Amino acid sequence: MRTEGAPGPQRPGGAPGQTGVRRLVLAGLLGALLAAGQLAMSGLPNISLTDFLIVLYTLEFPREAPWAVAVFILLEGLLYGFGLWWVMYLYVWYILMAAAFLLGRLGVDSAPAWAAACGGFGLAFGALCSLPYLALGGPAAAFGWWVAGIRFDLLHCAGNTVLTLLLYRPARRALAAARNNGLFY
């Protein structure tokens, strides 16, 4: 029986609530890393670490990933303005997260499989982002917008595929080692 004023049970990692604060800070840092990675690679057309990192976050930090993506979306809007493209970001990155979550639950853990998934997402990116144009201008507007950007989707696909093939296994190993050493919580 607990007496008045006696401290409650300690959570792993320190004082009560400390784990929640650490998770919140981690989500903020992961979101800032997404924005910094996108900014650092902005000179390359539709090639960035964003898709790869969102998949990685979804697999390694499933509780923090949605908040990291929210921070990323907000930072992108603050950096580049809140235009129609930003509305697309409100759903497109969560579609990627949902796909990564489902594939992770199915046990997918090979670099080629994740490279194919990220490449496929890059290829579908323009079609997914054409949905606001469908609502605003109808099927012809959405189709025209999508077709006009196919060359960028091809670059997005190629960039995602190559980056994921190169980085998936080392990044998963590094995060597992950091987690095993108590770096995150």
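Heads up: the structure comes first, above all this text.
Now for a description of the structure that goes with this document. (Residues numbered from 1 in each chain as written. Predicted model: local features only at pLDDT ≥ 70, side-chain atom pairs only at ≥ 80, totals over all residues. Heavy atoms only, no water.)

Concerning the overall build of the chain
Link 1 in the chain: When helices and strands are counted, the chain shows eight helices and zero strands.
Link 2 in the chain: If you list the helices and strands of the chain from N to C, you get α-α-α-α-α-α-α-α.
Link 3 in the chain: Its C-alpha atoms put the chain at 70 × 35 × 30 Å along the principal axes.
Link 4 in the chain: Sorting the 185 residues of the chain into buried and exposed places 37% on the buried side.
Link 5 in the chain: The centroid of the 11 positive side-chain charges in the chain is displaced by 8 Å from the centroid of its 7 negative side-chain charges. (Helix = DSSP H or I, 4+ residues; strand = E, 2+ residues; numbered from the N terminus. Buried < 20%, exposed > 50% of the residue type's maximum accessible area, 1.4 Å probe, protein only. Lys, Arg positive; Asp, Glu negative; His and termini not counted. Charge placed at Lys NZ, Arg CZ, Asp CG, Glu CD.)

Side note on the packing of aromatic side chains
Link 1 in the chain: Overall, the coordinates contain 12 aromatic pairs when judged by the stated rule.
Link 2 in the chain: With a centroid separation of 6.5 Å and an interplanar angle of 75°, the aromatic rings of Tyr80 and Trp85 are classed as edge-to-face.
Link 3 in the chain: Judged by its relative accessible area of 41%, Tyr80 is partly exposed.
Link 4 in the chain: The class of Trp85 is partly exposed, set by a relative accessible area of 27%.
Link 5 in the chain: Here the aromatic cluster, defined as three or more aromatic residues joined through ring pairs, consists of Phe72, Tyr80, Trp85, Tyr89, Trp93, Phe121 and Phe125. (Phe/Tyr/Trp six-rings, centres within 6.5 Å; stacked < 30°, edge-to-face > 60°.)

Observations concerning the side chain of Glu64
Link 1 in the chain: The topology assignment puts Glu64 in the loop between helix 2 (50–60) and helix 3 (65–80).
Link 2 in the chain: The class for Glu64 is buried, based on a relative accessible area of 2%.
Link 3 in the chain: For Glu64, the side chain forms a polar contact with the side chain of Arg23, separated by 2.8 Å. (Polar contact = N/O pair within 3.5 Å; in protein donor to acceptor, adjacent residues only side chain to side chain.)

Some remarks on the pattern of salt bridges
Link 1 in the chain: Scanning the entire structure with this criterion turns up five salt bridges.
Link 2 in the chain: Here Arg169 and Asp109 are joined by a salt bridge, their closest N and O atoms 3.7 Å apart. Here Arg169, found in helix 8 (residues 150–180), pairs with Asp109, found in the loop between helix 4 (84–105) and helix 5 (111–129); they are 60 residues apart in sequence, far enough to count as distant.
Link 3 in the chain: With a relative accessible area of 28%, Arg169 lands in the partly exposed category.
Link 4 in the chain: A salt bridge links Arg172 to Asp109; the shortest N-O distance between them is 3.4 Å. Placement of the pair is Arg172 in helix 8 and Asp109 in the loop between helix 4 and helix 5, with a sequence separation of 63 residues.
Link 5 in the chain: We classify Asp109 as partly exposed; its relative accessible area is 38%.
Link 6 in the chain: What you see here is one network of salt bridges that share partners, running through Glu60, Asp109, Arg169, Arg172 and Arg179. (Salt bridge = Lys/Arg side-chain N within 4 Å of Asp/Glu carboxyl O.)

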